[in-house]
Amino acid sequence: MAEDLADDGTAAGAPDDAAPAPLPEHAWTEDPDYVRVYDVENAGGWDHDFYAELIGELVGVSVDGGAWSGGPAETVAAGAPHVADIGCGTGVLGLRLAAAGIRVTGVDPSRAMIDAAEARTAGSGLDEQVTWHHGFADRLPTASADVVLMEGHVAQYFLERSAWDEVLAHAHRALVPGGALTFESRNPDGLELDVWDEEHTRETQEHPDGGTFDSWIELVRVVGEQDVAGEQAECADDDGPLVTHRGHMVLPDGRHVTTEETLRFRPLEVLRDSLEQAGFVIEQLWGDWDREELDTDSPEIIVLARKP
Ligand SMILES: C[S@@+](CC[C@H](N)C(=O)[O-])C[C@H]1O[C@@H](n2cnc3c(N)ncnc32)[C@H](O)[C@@H]1O
């Protein structure tokens, strides 16, 4: 099931198809060339396994062990457990959860990503269990989800503090009392921005339509407390660094396409404050996908928080 973006004027703009490649700036999530290879580049490894196991524990389901066979009283009363996936992308993890008997509602403002999720759902036999909304977290039903998930560093896409506070408020609203919010955000103190260049990130991979493609990223700018050049950085606010990088791809037909993206890397103190302000209680913090304890220079800040 797919539902469209609310007519709220906030729809992601369509890319300028007429512009010659390389395109200077547009959202990769709306670019068919990028969305086509998304699942190759983000095959879902440790992070998907981590969330599949964690969500299984939270709702009493063995996610890779077949159909749902019961769960905690709260979720039984509401039928199958329900997971809301904010920034669900192409739906890979959502469908993995659905295959274990979990109901999944995904929201994503990218039409191209939702189309890919819908295409993946078709013929899976899971279409009654998943709902993909083309839109934002305000589309999630109230007091309905046992777990709200934001994975694939979706948290970093909320650049302004007001947008971050708003998505946390919707996550809180969407959860049943006692429900859990889980997400990850890269730890700004663990960022190794000096390797965000072609030399360290260039890869050649199989293109889903045949042939191979090359991809790499380059750092464009950092605004905030971490300046790769070691210079005094402009500090827009105290919400953590804003990092802009450019992605490059050379496609099998030789086209070189690029896209620029800015992400927010909030430090733990900011995440902690914002979660508490939104009414969550932090239950667990991990620093990596093997459930390693969070340390000052851990690569990730992985959060499990509860709505009391
Ligand atoms: C890196 S992808 C992750 C997709 C998916 N969760 C995964 O792990 O494969 C980030 C996603 O966040 C979505 N996104 C960006 N801004 C968003 C917003 N304001 N609300 C919800 N999702 C958003 C993008 O459209 C994109 O699909």
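Predicted model, so just to flag it, every value in this text is computed and none were measured. (Residues numbered from 1 in each chain as written. Predicted model: local features only at pLDDT ≥ 70, side-chain atom pairs only at ≥ 80, totals over all residues.)

The secondary structure content of the protein amounts to eight helices and 12 strands. By the burial criterion, 39% of the 308 residues in the protein qualify as buried. Within the protein, residue pairs in contact and separated by at least 24 positions form 66% of the contacts whose partners lie at least 6 positions apart. (Helix = DSSP H or I, 4+ residues; strand = E, 2+ residues; numbered from the N terminus. Buried ≥ 20, exposed ≤ 12 C-beta atoms within 10 Å, placed from the backbone. Contact = placed C-beta atoms within 7 Å.)

As a further point, take unusual backbone geometry. Non-glycine residue Ala 143 carries a positive phi angle of around 45 degrees. Within the element layout of this structure, Ala 143 appears in the loop between strand S4 (130-134) and strand S5 (145-150). Positive phi values are uncommon outside glycine, yet His 153 reaches one of about 55 degrees. Note that His 153 resides in the loop between S5 and helix H6 (161-174).

This next bit is on the pairing of strand S6 (residues 175-186). Burial analysis of S6 places nine of its 12 residues in the buried class, which makes it a mostly covered element. Where S5 and S6 come together, five bridges link them in parallel fashion. The residue bridging Val 148 from the neighbouring strand is Leu 181, located in S6. Taken together, S5, H6 and S6 constitute a β-α-β crossover, and its handedness is right-handed. Direction of pairing for S6 relative to strand S12 (residues 300-306): antiparallel, over a ladder of seven bridges. Looking at S12, one finds that Thr 182 is bridged to Leu 304. (Pairing = 2+ DSSP bridges. Right-handed = clockwise from strand over helix to strand, strands pointing away.)

To continue, consider the confidence of the model for the protein. Mean pLDDT over the protein stands at 86; residues scoring 70 or higher make up 82%. Predicted confidence is poor over residues 5-25, with pLDDT under 50, and the contacts of this stretch with residues over four places away or in other chains come to 27 contacts. Predicted confidence is poor over residues 73-77, with pLDDT under 50, and the contacts of this stretch with residues over four places away or in other chains come to eight contacts. (pLDDT = per-residue confidence, 0-100.)

Take helix H5 (residues 111-121) next. Among all positions in H5, only Ala 112, Met 113, Ile 114, Ala 116, Ala 117 and Thr 121 are buried. Following H5 by one or two positions, Gly 123 has its phi on the positive side, about 80 degrees.

In this section: the site of the ligand. Neighbouring residues of the ligand: 19 residues in total, closest Gly 87, Gly 89, Ser 110, Gly 152 and Tyr 157. The residue inventory of the shell around the ligand, partitioned by class, reads 10 nonpolar, seven polar and two charged. (Near = placed C-beta within 6 Å. Nonpolar A, V, L, I, M, F, W, Y, C, P; charged D, E, K, R; others polar.)

Bringing the packing of H6 against helix H8 (residues 268-277) into the picture now. Remark: H6 packs on H8, axes separated minimally by 9 Å, with the N-to-C direction vectors making an angle of 45 degrees. With respect to each other, H6 and H8 are oriented oblique. By crossing handedness, the relation of H6 to H8 is classed as right-handed. Of the residues in H8, those in contact with Trp 164, Asp 165 and Leu 168 of H6 are Ser 274, Leu 275 and Gln 277. Here the contact of H6 with H8 is built from residues that sort into three nonpolar, two polar and one charged. (Axes fitted to C-alpha atoms, helices over the stretch in contact; angles between N-to-C directions. Parallel < 35°, antiparallel > 145°, perpendicular 65-115°, else oblique. Left-handed = near helix turned anticlockwise from the far one by under 90°.)

If you walk across this open sheet you meet the four strands as S7-S8-S9-S10, and the pairing is antiparallel. Edge positions in the sheet fall to strand S7 (203-206) and strand S10 (256-264), since each has one partner strand and no second. Recorded for the sheet is a direction-independent mean angle of 30 degrees between the axes of neighbouring strands. Summarising the sheet, strand S8 (residues 212-223) and strand S9 (residues 242-250) pair through nine bridges and their orientation is antiparallel. Bridging across to S9, Ser 215 finds its partner in Met 249.

Moving on: the environment of Phe 183. Of note, Phe 183 is situated in strand S6. For the pair formed by Phe 183 and Leu 149, sequence separation is 34 residues and the distance between their alpha carbons is 5.8 Å. If sequence neighbours within four positions are ignored, Phe 183 has contacts with Leu 149, Met 150, Glu 151, Val 154, Ala 155 and Val 303.

What follows concerns the nonpolar core. One finds Ile 55 and Val 148 to be the most contacted residues of the largest nonpolar core, which totals 58 residues. Tallying contributions element by element places helix H2 (residues 46-59) first for this core, with six residues. Not counting residues within four places of it along the chain, the set of residues in contact with Ile 55 comprises Val 63, Val 83, Leu 97, Val 147 and Leu 149. (Core = buried A, V, L, I, M, F, W, Y, C linked by C-beta atoms within 7 Å.)

Once that is clear, we can look at the pairing of S8. Two elements, S7 and S8, share four bridges in a ladder whose sense is antiparallel. Residue pairing for S8: Glu 206 is matched across the bridge by Thr 212. Hairpin geometry of S7 and S8 is characterised by an intervening segment of five residues between the two adjacent antiparallel strands and by a positive phi of about 105 degrees at Gly 210.

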